[in-house]
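Single-letter residue listing:
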Amino acid sequence: METRLRTDFCVVGGGPAGLTLALLLLRSGAGVTVLERSRSLEREYRGEILQPGGAALLDRLGVLKGARDRGAHEHTGFQLVDRERVLLDVDYRRLPSPYNQLLSLPQRHLLEELLQACGEFEGFHYLAGVRASGLVREGGVVRGVTADGARRAQVRAHCVIGADGRYSKIRTLAGFGSRRQEAFDHDVLWFKLPADNAPHTGDTVRIFRGGGNPVLLYRSFPDSLQVGWTLPHGGYRELAERGIDHVRAQVVEALPQFADRIEARLTRLSDLSLLDVFTQEAQTWHTDGLVLIGDAAHTHSPLGAQGINLAIQDAVALHPVLMASLRAGDARAEVLGSYTRRRRPAVRRVMRVQSLQNKGMLSQNPVAARVRPKLAGLVSRTPLFRGILRQIAYGDPGVAIADDLFVH
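Below: a short report on this structure. (Residues numbered from 1 in each chain as written. Predicted model: local features only at pLDDT ≥ 70, side-chain atom pairs only at ≥ 80, totals over all residues. Heavy atoms only, no water.)

Looking now at the overall build of the protein. Assigned secondary structure in the protein consists of twelve helices and 21 strands. Scored against the burial criterion, the 408 residues of the protein give a buried share of 57%. When contacts within the protein are restricted to residue pairs at least 6 apart in sequence, those whose partners lie at least 24 apart make up 75%. (Helix = DSSP H or I, 4+ residues; strand = E, 2+ residues; numbered from the N terminus. Buried < 20%, exposed > 50% of the residue type's maximum accessible area, 1.4 Å probe, protein only. Contact = heavy atoms within 4.5 Å.)

Dropping the structure here:
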């Protein structure tokens, strides 16, 4: 039996981008149906560092406190450490209060809070365990989505929003090409260690350089250390073929101060989660009746913790465009395109900054290793660095919630 629904907006993907947009639209009086392929929130997540800009928007939307109350960890800044020497010390406390810290917020806690807020509206429908399988088109205009999985469904809508991540099915169904760029020299293996009495951690997000490959490390809720061990891009298969003992030895070389914890925690390859690091941008973000946001439109490196920030800002920027489209009964590409024109330059600025971060912090080039200490000290005292910090922390400062559209 097929579930058939008619709504104002069909959002495909129940991540931070999709659910933030859903709540904005619901508070503006629109009906929203969200399709999410996972059956529950009991799934693996990667990004969880929230920058001040994203925190401010979520707070204005009324969901930050509830998400934080479920459990989070504050970080005062970021450090680049090379063989116990701090080369770069970025203190977020110098930014204007109250949004002057990084927040390690488990993505599940944010999604739980957003779902709870969305569930308060009669016009909200959440279909879990369903995958988009096709687009409903009429006269070349997208009018809805078909889905299968836990149930078959057809959702007809004024506009479809693809918020289904870096491997977006909606992007593929729409026929939007994308440009994958291997702009980074590394992939990342993620794992967690117990944080009790852990040395050299503190309340900063750190990149450790020294023996072996660079490592990203920060404290994560409830009481663990999130570790991102970098390895040469595309090199995991060869590494894995040598077995967990070899992998573990490589990680210990990079983080000798955590050797005992690593030996106890990493006992099989499945204890590690591989992130294939690349940048990607859809060549087209919108067409008649359909628009992409978040990773579906643009994918980024974990450097600088930009993923959730960009997803939230995309949702906030798209919200007034969609409401104007709904009021006018017009979801043509010309109308939706104002969102793309606004967000594409901001996203490309982030990509350029991440490329600079990769070259400056992670490069194993011998020349870069020699000049890095002096260069880090010089750059950190320049107006250019302060501008880059504001870009990383806040993103596009002109993105603001259009709460004048709220009716709830």
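By size, the foremost hydrophobic cluster in this structure holds 81 residues, and its most contacted members are Leu-35, Leu-50, Ile-161, Leu-290, Leu-318 and Leu-322. For this core, the leading source of residues is helix α9 (residues 307-328), giving eleven residues. If near-sequence neighbours (up to four positions away) are discounted, Ile-161 is found in contact with Phe-9, Cys-10, Val-11, Val-12, Leu-21, Val-291, Ile-293, Leu-318 and Leu-322. Core analysis: the second largest hydrophobic core is formed by 23 residues, Val-81, Leu-189, Leu-217 and Val-227 among them. (Core = buried A, V, L, I, M, F, W, Y, C linked by side-chain atoms within 4.5 Å.)

With that out of the way, let us pick up the pairing of strand β11 (residues 152-162). In terms of burial, β11 is a largely internal element, ten of the eleven residues being buried. Where strand β1 (residues 2-12) lies against β11, ten bridges are found, and the strand directions are parallel. Looking at the pairing, Thr-3 lines up with Ala-153 of β11. Here four bridges tie strand β10 (residues 141-149) to β11, and the two strands are oriented antiparallel to one another. Residue Ala-147 lies in a different strand from β11, and its bridge partner there is Ala-153. Following β10, the chain reverses through two residues before pairing antiparallel with β11. Of the strand pairs in this sheet, β11 and strand β20 (residues 290-292) are connected by three bridges, and their pairing is parallel. Paired with Gly-162 across the two strands is Leu-292, which belongs to β20. (Pairing = 2+ DSSP bridges.)

The subject of this paragraph is helix α4 (residues 107-118). One turn of an α-helix holds 3.6 residues; hence residues three or four places apart share an orientation. With twelve residues, α4 ought to run about 16 Å at 1.5 Å a step, and its terminal C-alpha atoms sit 16 Å apart, in line with that. Taking burial as the measure, the twelve residues of α4 include ten buried ones, the bulk of the element. (Expected span 1.5 Å × (residues − 1).)

Attention now goes to the packing of aromatic side chains. Counting across every chain of the model gives two aromatic pairs. Between Trp-285 and Tyr-339, the ring centres sit 6.0 Å apart and the planes meet at 45°, which makes this aromatic pair tilted. Here Tyr-339 lies in helix α10 (residues 333-362) and Trp-285 lies in the loop between β18 (279-282) and β19 (286-287), a separation of 54 residues in the sequence. Under the relative-accessibility criterion, Trp-285 is labelled buried at 0%. (Phe/Tyr/Trp six-rings, centres within 6.5 Å; stacked < 30°, edge-to-face > 60°.)

Once that is clear, we can look at the pattern of salt bridges. Under the defined criterion, the tally for this structure stands at 22 salt bridges. Its salt-bridge partner being Arg-108, residue Glu-112 comes within 2.8 Å of it at the nearest N-O pair. With Glu-112 and Arg-108 both in helix α4 and four residues apart, the pair spans about one turn of that helix. Take Arg-108: its relative accessible area is 29%, and that puts it in the partly exposed class. Between Asp-330 and Arg-332 there is a salt bridge, and its shortest N-O distance comes to 2.8 Å. Here the residues in one salt-bridge network are Arg-70, Arg-108, Glu-112 and Glu-113, joined through shared partners. (Salt bridge = Lys/Arg side-chain N within 4 Å of Asp/Glu carboxyl O.)

Turning our eyes to something else, we now look at the side chain of His-286. Its location among the elements puts His-286 in strand β19. A residue is classified by how much of its surface remains accessible, and His-286, at 18% relative accessible area, is buried. A polar contact of 3.5 Å, which involves the side chain of His-286, links it to the backbone oxygen of Ala-333. A polar contact of 2.8 Å, which involves the side chain of His-286, links it to the side chain of Thr-340. With near-sequence residues (within four places) excluded, His-286 lies in contact with Phe-176, Val-291, Ala-333, Leu-336, Gly-337 and Thr-340. (Polar contact = N/O pair within 3.5 Å; in protein donor to acceptor, adjacent residues only side chain to side chain.)

The three strands are arranged β3-β7-β4 in an open sheet whose pairing can be described as antiparallel. For this open sheet the edge positions go to β3 (49-50) and β4 (73-75), each flanked by a neighbour on one side alone. Alignment of β4 against strand β7 (residues 102-104), held across three bridges, turns out to be antiparallel. Looking at β7, one finds that His-75 is bridged to Leu-102.

What follows is about unusual backbone geometry. That bond from Ser-97 to Pro-98 is cis: its omega, 10°, falls within 30 degrees of zero. As for its placement among the helices and strands, Pro-98 is situated in the loop between β6 (85-91) and β7. Cis rather than trans, the peptide bond between Phe-221 and Pro-222 has omega equal to 5°. Mapping Pro-222 onto the fold places it in the loop between β15 (215-220) and β16 (224-232).

Overall, mixed pairing links the seven strands, which are arranged β6-β5-β14-β15-β16-β13-β17 in an open sheet. Each end of this open sheet is capped by a strand with a single partner; those strands are β6 and β17 (273-275). The mean angle between the axes of side-by-side strands here comes to 20°, regardless of whether they run parallel or antiparallel. Sheet analysis places strand β13 (residues 186-194) next to β17, joined by three bridges and oriented antiparallel. Looking across to β17, one finds that Val-188 is bridged to Leu-275. (Axes fitted to C-alpha atoms, helices over the stretch in contact; angles between N-to-C directions.)

Glancing now at the environment of Ala-317. Mapped onto the elements, Ala-317 comes out in helix α9. You can call Ala-317 buried: its relative accessible area is 14%. Separated by 26 residues in sequence, Ala-317 and Arg-343 have C-alpha atoms that sit 7.6 Å apart. When near neighbours in sequence (up to four residues on either side) are disregarded, Ala-317 contacts Tyr-339, Arg-343 and Val-399.

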